[in-house]
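Summary of structural features
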Amino acid sequence: MRTRTAFLVLLTAGVVGTAAWLVFFSPVLGVRSVEIVGNLTVPAERIKQQAGVEELHPLATVDLADVQSRVLLIRQLASAKVDRVWPGTLKIEVVEREAVAAVLAGGKAALIDGQGVVIEIKDVAPARLPVLKVDRPGAGDPATMAALKVIGNLPATLTGRVRAVQATSPEGVSLRLTDGRTIVWGGTDRGTDKARILASLLTRKADVYDVSSPDVVTLK
């Protein structure tokens with residue numbers, strides 16, 4: 001009986017040991033493919049290269065948090081989620097940053113997202129993006145963030161008509177339309193009311209539309 005018990009213990013240990021070796025050390029359950037999901041402009045090969053996971057590296061021992069950190073060094077990416085898909089696939093799901101404005105400096109155009117992060121530098125600002133004019137552009141600047149919030153909350157009917165957005169302070173945001181007219185927007189509060197009122201005001205001829213206080217609007 002003792003011999004049989006000892007044999008079963010050894011057999012079990014052997015099976016467990018073999019399974020552990022297969023999962024944690026053997027290339028049998030290693031990374032055979034890296035699946036990239038969600039990328040639109042960033043090439044999948046660039047993301048794979050940045051992930052830095054060697055082929056056939058045991059899938060179970062891949063440091064998912066480390067891979068995520070490396071992938072997010074690509075500034076065009078806002079987020080990344082890394083998962084294991086057995087038996088041999090590493091799945092990386094990304095969300096790309098979307099440019100909402102351009103900042104002109106040094107003869108170049110820095111494209112920034114809604115969080116004030118520079119996505120890329122271009123020679124010329126895309127016509128579809130409004131030019132952001134602030135004294136200290138950056139994610140830590142209150143005026144910049146107020147202007148970006150206003151841009152992000154503009155209705156679709158108005159977005160394509162904005163040529164430039166200026167912010168002298170968080171409460172001093174104004175918009176310049178493609179036809180030359182100016183909208184004094186003010187702060188980020190009551191954006192829905194301002195957009196609703198502005199929709200009807202723009203049918204009236206004027207150079208300046210002040211909706212900074214939606215209860216008392218003025219035209220000049």
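Residues numbered from 1 in each chain as written. Predicted model: local features only at pLDDT ≥ 70, side-chain atom pairs only at ≥ 80, totals over all residues. Heavy atoms only, no water.

Describing empty space enclosed by the protein
Selection criterion: Only protein atoms enter the calculation, which uses a 1 Å grid: trapped sets of points that fit a 1.4 Å probe without letting it out are cavities, open sets showing protein on both sides within 12 Å along at least five of seven lines are pockets, and any residue with an atom within 4 Å of a point is a lining residue. Grid points are joined across faces, edges and corners, and a volume is the space filled by probe spheres set on the points. Secondary structure follows DSSP: runs of H or I at least 4 residues long count as helices, runs of E at least 2 residues long count as strands, and numbering of each begins at the N terminus. Put simply, Ala, Val, Leu, Ile, Met, Phe, Trp, Tyr, Cys and Pro go in the nonpolar bin, Asp, Glu, Lys and Arg in the charged bin, and everything else, Gly too, in the polar bin.
Counted under the stated rule, the structure contains 1 cavity of 30 Å³ or more. Lys 149, Val 150, Asn 153, Trp 185, Thr 188 and Gly 191 are the residues that line the largest cavity. The leading source of residues in the lining of the largest cavity is helix H4 (residues 142–153), at 3 residues. Its residues assigned to classes, the lining of the largest cavity comprises 2 nonpolar, 3 polar and 1 charged.

Quick notes on the packing of helix H2 (residues 44–51) against helix H3 (residues 64–71)
Going by this rule: Lines fitted to the C-alpha atoms define the axes, with helices restricted to the stretch that makes contact. Angles between their N-to-C directions range from 0 to 180 degrees. Oblique is the label for any angle not covered by the other classes, which are roughly parallel (under 35 degrees), roughly antiparallel (over 145) and roughly perpendicular (65 to 115). Here is the rule for handedness: rotate from the far helix to the near one, and if that takes an anticlockwise turn smaller than a right angle the crossing is left-handed, while a clockwise turn gives right-handed. In what follows, a contact means two residues having at least one pair of non-hydrogen atoms within 4.5 Å.
The interhelical angle for the contact between H2 and H3, taken along N-to-C directions, is 130°, at an axis separation of 8 Å. The orientation of H2 with respect to H3, classified from their angle, is oblique. Of the two possible hands of crossing, H2 and H3 adopt the one that is right-handed. Across the interface between the two elements, Ile 47, Gln 50 and Ala 51 from H2 touch Val 67, Arg 70 and Val 71 from H3. Taken together, the residues of the contact of H2 with H3 sort by class into 4 nonpolar, 1 polar and 1 charged.

Points about the layout of surface pockets
One way to see where empty space is left: roll a probe the size of a water molecule over the atoms. Reported here for the largest pocket is a volume of approximately 230 Å³. Taken together, 14 residues form the lining of the largest pocket, with Thr 41, Arg 97, Ala 99, Ile 119 and Glu 120 sitting closest to its centre. It is strand E6 (residues 118–122) that contributes the most residues to the lining of the largest pocket, 3 residues altogether. For the lining of the largest pocket, a count of residues per class yields 6 nonpolar, 2 polar and 6 charged.

Here we look at the nonpolar core
Spelled out, the test is: As used here, the term nonpolar core means buried Ala, Val, Leu, Ile, Met, Phe, Trp, Tyr and Cys residues forming a set that is joined through side-chain atoms within 4.5 Å. Think of it in three bands: residues with accessible area under 20% of the maximum for their type are buried, residues over 50% are exposed, and the middle band is partly exposed, with areas taken using a 1.4 Å probe on protein chains only.
Leu 132, Leu 158, Val 165, Val 173, Leu 175, Trp 185 and Leu 198 are the most contacted members of the largest nonpolar core, which has 29 residues in total. Listing elements by their share of this core, those giving two or more residues are strand E4 (101–105), H4, strand E8 (162–167), strand E9 (173–177), strand E10 (182–186) and helix H6 (191–201). Here this core takes 6 residues from H4, the largest share from any one element. Every residue in contact with Leu 175, bar those within four places of it in the chain, is listed here: Val 150, Leu 154, Leu 158, Val 162, Ala 164, Val 165, Arg 181, Thr 182, Ile 183 and Trp 185.

Structural notes on the sheet that holds strand E1 (residues 33–37)
Operational definition: Think of it this way: DSSP has to see at least two bridges between two strands before they count as a pair.
Taking strand neighbours across the sheet as the criterion, the 3 strands line up as E1-E3-E2 in an open arrangement whose pairing is mixed. Across the chains shown, the open sheet's two edge strands, defined by having one partner strand only, are E1 and strand E2 (77–85). Going across the sheet, the axis of each strand differs from the next one's by a mean of 20°, ignoring polarity. Bridge count for E1 against strand E3 (residues 89–96) is 5 bridges, and the pairing is parallel. The partner of Glu 35 across the bridge, within E3, is Lys 91. Against the sheet, H2 engages E1, E2 and E3, with an angle of about 125° to E1.

Observations concerning the side chain of Thr 89
Heads up, the condition is: Definition of a polar contact: a pair of N or O atoms within 3.5 Å, with one able to donate and the other able to accept a hydrogen when the atoms are protein atoms, and with sequence-neighbouring residues admitted only if both atoms are side-chain atoms.
The topology assignment puts Thr 89 in strand E3. Judged by relative accessible area, which is 19%, Thr 89 ranks as buried. There is a polar contact of 3.0 Å between the side chain of Thr 89 and the side chain of Ser 33.

What to know about the pairing of E4
Sheet analysis places E4 next to strand E5 (residues 108–112), joined by 5 bridges and oriented antiparallel. Pairing of Leu 104 across the sheet is with Ala 109, part of E5. Between E4 and E5, which pair antiparallel in sequence order, lie 2 residues; one of them, Gly 106, sits at a positive phi of approximately 60°.

What to know about the pairing of E8
For strand E7 (residues 131–133) and E8, the ladder comprises 3 bridges, and the chain directions are parallel. Within the sheet, the bridge partner assigned to Leu 132 lies in E8 and is Val 165. Both E8 and E9 contribute to a ladder of 5 bridges, which runs antiparallel. Directly across from Gln 166, in E9, lies its bridge partner Ser 174. With antiparallel pairing between neighbouring strands as the criterion, E8 and E9 make up a hairpin whose turn holds 5 residues.

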